[in-house]
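Here is what each chain is made of, one letter per residue.
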Amino acid sequence: FRVTLTPIRRRDKGVAGAIAVLQDVTEAEKLEQSRREFVANVSHELRTPLTTIKSYAEALDDGAIDEPPLAERFVGVIRSETERMIRLVTDLLHLSRFDSRRNQLRRQKTDLAEMLEEVVDRFSFQLRQKAITVTVKVDHRQKTAWLDRDGIDQVLDNLVSNAIKYTLDGGAIDISAKSNEAGQLAISVKDTGIGIPKKDLNRIFERFYRVDKARSRNMGGTGLGLSIAREIVRAHGGAILLESETNVGTVVTVLLPIVPEGSESA
Ligand code: ADP
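In this text the structure is predicted, and so the values were computed from the model without any measurement. (Residues numbered from 1 in each chain as written. Predicted model: local features only at pLDDT ≥ 70, side-chain atom pairs only at ≥ 80, totals over all residues. Heavy atoms only, no water.)

Caption draft 1: Broad picture of the layout of surface pockets. Space inside the largest pocket adds up to approximately 1,000 Å³. Elements with a contribution of two residues or more to the lining of the largest pocket: α2 (68-100), α5 (149-165), β7 (184-191), α7 (213-218), α8 (225-235) and β9 (249-257). In terms of residue count, α5 provides more of the lining of the largest pocket than any other element does, nine residues in total. In terms of residue class, the lining of the largest pocket is made up of 17 nonpolar, 16 polar and 10 charged. Each pocket or cavity is described by its volume, and for the second largest pocket that value is around 500 Å³. (1 Å grid on protein atoms, 1.4 Å probe; cavity = no way out; pocket = protein on both sides within 12 Å on 5 of 7 lines; lining within 4 Å. Points joined across faces, edges and corners; volume = space filled by probe spheres on them. Helix = DSSP H or I, 4+ residues; strand = E, 2+ residues; numbered from the N terminus. Nonpolar A, V, L, I, M, F, W, Y, C, P; charged D, E, K, R; others polar.)

Caption draft 2: Structural context of the sheet that holds β9. Across the sheet, which stays open at both edges, the five strands sit in the order β4-β6-β7-β9-β8 with mixed pairing between neighbours. On the outer flanks of this sheet lie β4 (133-138) and β8 (239-245), each paired with one strand and no other. Neighbour-to-neighbour, the strand axes of the sheet open up by a mean angle of 10°, direction not taken into account. Two elements, strand β6 (residues 172-179) and β7, share seven bridges in a ladder whose sense is antiparallel. Residue pairing for β7: isoleucine 175 is matched across the bridge by valine 189. Across the face of the sheet, helix α3 (residues 112-122) comes into contact with β4, β6 and β7 while running at roughly 165° to β4. Its contacts with the sheet place α8 against β8 and β9, and it is angled at close to 145° to β8. (Pairing = 2+ DSSP bridges. Axes fitted to C-alpha atoms, helices over the stretch in contact; angles between N-to-C directions. Contact = heavy atoms within 4.5 Å.)

Caption draft 3: Looking closely at the pattern of salt bridges. With the rule as written, the count across this model stands at 17 salt bridges. Among the ionic pairs, aspartate 139 bridges to arginine 141, the shortest N-O distance being 3.2 Å. The partner of arginine 207 in a salt bridge is glutamate 231, and the shortest N-O contact between them spans 3.6 Å. Placement of the pair is arginine 207 in the loop between α6 (198-201) and α7 and glutamate 231 in helix α8, with a sequence separation of 24 residues. Take arginine 207: its relative accessible area is 28%, and that puts it in the partly exposed class. (Salt bridge = Lys/Arg side-chain N within 4 Å of Asp/Glu carboxyl O. Buried < 20%, exposed > 50% of the residue type's maximum accessible area, 1.4 Å probe, protein only.)

Caption draft 4: Structural context of the nonpolar core. With 45 residues, the main nonpolar core has Met115, Ile173, Ile187, Val254 and Leu256 as its most contacted residues. Residue contributions to this core peak at seven residues, all from α5. Discounting chain neighbours no more than four positions away, the residues touching isoleucine 187 are Met115, Leu116, Leu156, Ser176, Ala177, Val252, Thr253, Val254 and Leu256. Core analysis: the second largest hydrophobic core is formed by six residues, Ile53, Ala64, Phe74 and Ile78 among them. (Core = buried A, V, L, I, M, F, W, Y, C linked by side-chain atoms within 4.5 Å.)

Set out below in structure tokens:
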């Protein structure tokens, strides 16, 4: 609490009492703390690849450059760390764009089957590499929707990319879209992957939260995918649900209000 005291004066200038204003600053304090944590996280996440790049560049400088097989490996590390930094910065830009763009969705009429097939196409290389089978199912009663296509594409890319990252070779991913009993559009991405432990489930949408930092990093993750997805879905007036069981798999469901064609915001 912040306390402000104002004396109440009598005519003879003596003090008759005081007015105390107690202001609850918990929310502001929390906001400030999460901002500080965010900046610390971003700095740390950028510092890690930068330190790696620096030490590999120094090793090249110290002679590794004259040993072609070694030099090739070091350059490879430098390149992949740079790519991870680019992904991180791109993700941060997406976050700040959606933070400030809440009510300016650019909705368009979207064919759901086409949208989901296109997501699968974007990942066809990785899917083939891991021999993961994919099915896409769209409810015939809900073939189209009025969505911000760029935003929802980004959400789906993040969810499908996670499903692939955290599913072992030979697994399966099912993507479906249907309208539910509550009159919402429900888009689900289900995988047969490693799952998320119960204790982590409600923290998983926090920026930079990962169940296993090393695994996420090795997979090229930034720890921002789900928080970006949630921002975008919230901007649509929707929600994301997560169900998961360790070593069985995960289902992520995006619930979006079905809005009439032509409407501007959520
Ligand atoms: P990352 O870039 O690390 O994948 P995300 O924000 O997309 O970041 O996800 C946060 C964490 O949630 C991941 O590090 C992972 O631990 C967990 N996670 C997300 N999706 C899945 C999934 N489909 N299966 C298992 N774990 C998942």
